[in-house]
Amino acid sequence: MKIIKLPSEIEIGQAVGDMFCALAQQNPQAVFGLATGATPIPTYQRMIARCKAGEVSFAGVTTFNLDEYCNLPEAHPQSYRSFMRAQLFGQIDILPQNTHFLDGNASDELAECQRFDALVEQVGGIDLQLLGIGRNGHIGFNEPDDTFTDGSFKVELTPSTIAANSVYFTEDVPMPTHAMTMGVGSILRAKEIVLIATGSAKAEAIKAMIEGPVDPQSPASALQKHKNVTIYLDPAAASLLE
Ligand code: PGA
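Presented here is a report on the structure given in the accompanying data block. Since the model is a prediction, treat every value here as computed from it, not as a measurement.

Parameters at a glance
Per chain, residues are indexed from 1 in the order of the written sequence. Where totals are concerned, whole chains, interfaces and linings use all residues; where local detail is concerned, this predicted model gives features only for residues with pLDDT of at least 70, and gives and counts side-chain atom pairs only at 80 or more. By convention in this description, side-chain values take in all heavy atoms of the structure and omit both hydrogens and water. The numbering of helices and of strands both runs from the N terminus, where a helix is a DSSP run of H or I of at least 4 residues and a strand a run of E of at least 2. The contact definition used throughout considers only heavy atoms, calling two residues in contact when any of these lie within 4.5 Å. Strand pairing requires that DSSP identify at least two bridges connecting the strands. Fitted lines through C-alpha atoms serve as axes, helices being fitted only where they are in contact, and the angles separating the N-to-C directions of these axes extend from 0 to 180 degrees. The rule is simple: take the accessible area with a 1.4 Å probe, protein chains only, and divide by the maximum for that residue type; under 20% is buried, over 50% is exposed, in between is partly exposed.

1. Considerations on the environment of Ile94
Part 1 of the reasoning: Inspection of the secondary structure assignment puts Ile94 in the loop between helix 3 (80-87) and strand 5 (99-100).
Part 2 of the reasoning: The spatial distance from the C-alpha of Ile94 to the C-alpha of Ile196 is 23 Å, given a sequence separation of 102 residues.
Part 3 of the reasoning: Beyond its immediate chain neighbours, meaning those up to four positions away, Ile94 contacts Phe58, Val61, Thr63, Phe89 and Thr99.

Right, dumping it as structure tokens:
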């Protein structure tokens, strides 16, 4: 794991946004794995700014998002489809038909996971996967468990994840309790991975991921087994590292 500490989330967003721009410049048909949450927003802002400045085009790029809530209408503002449209896709020149999600409302969940995983394989796999990390060490929605998962699957969210994300929901539409997510195995098949953590709430999860054993109770620790991972940390997220 290559660990890079930068002073703030803005500098991290610029560095990681530039990684995605450089990849699209080198390979206009690149395949991105993308993430939602607060962490990737500065990265997406950098990609938007550079696309609007005419420095890069994403018109040939294909994307796969890590996860999506179950039982939440696609058009709901907190669906990850809506998030990606608002925070990135609606502001760059990517083609909507090249942006792929797990369908959290699919009636046949197994078939949906197989469809998604087959599509990733069909386009040759993910070139660069962006990750955040949960306070409990989750990547995508791979929650702490007794075993590591492989392909995409439906997961029951833990109380820690529900508490962290319910701030985005209201009483009328409560936080979903389940989601569909790429598995840890799916994530490890990406050719290159970049994980961002900012803020002190992530410090313990970062310590376990980097200094702890490879343990499914700390799902991000699986990244120790990947050959091309870069971790970007701000001082607060790095504060517990030896
Ligand atoms: P956050 O979520 O970026 O909103 O902190 C990260 C995650 O849960 O993976």
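So, next bit.
2. What to know about the sheet that holds strand 7 (residues 153-156)
Part 1 of the reasoning: With antiparallel pairing, three strands are arranged side by side in an open sheet as 4-8-7. Whereas interior strands pair on both sides, the edge strands pair on one side only; in this sheet they are strand 4 (67-69) and strand 7. Sheet twist, expressed as the mean angle between neighbouring strand axes with direction ignored, is 30 degrees.
Part 2 of the reasoning: In the sheet, strand 4 pairs with strand 8 (residues 178-181) via three bridges, with the strands oriented antiparallel. Of the residues in strand 8, the one forming a bridge with Glu68 is Met180.

3. Digging into the pairing of strand 6 (residues 128-131)
Part 1 of the reasoning: Burial of the side chains of strand 6 extends over both faces: Leu128 and Leu130 are buried on one face and Gln129 and Leu131 on the other.
Part 2 of the reasoning: Pairing of strand 2 (residues 31-34) with strand 6, which is carried by two bridges, proceeds in the parallel orientation. Paired with Gly33 across the bridge in strand 6 is Gln129.

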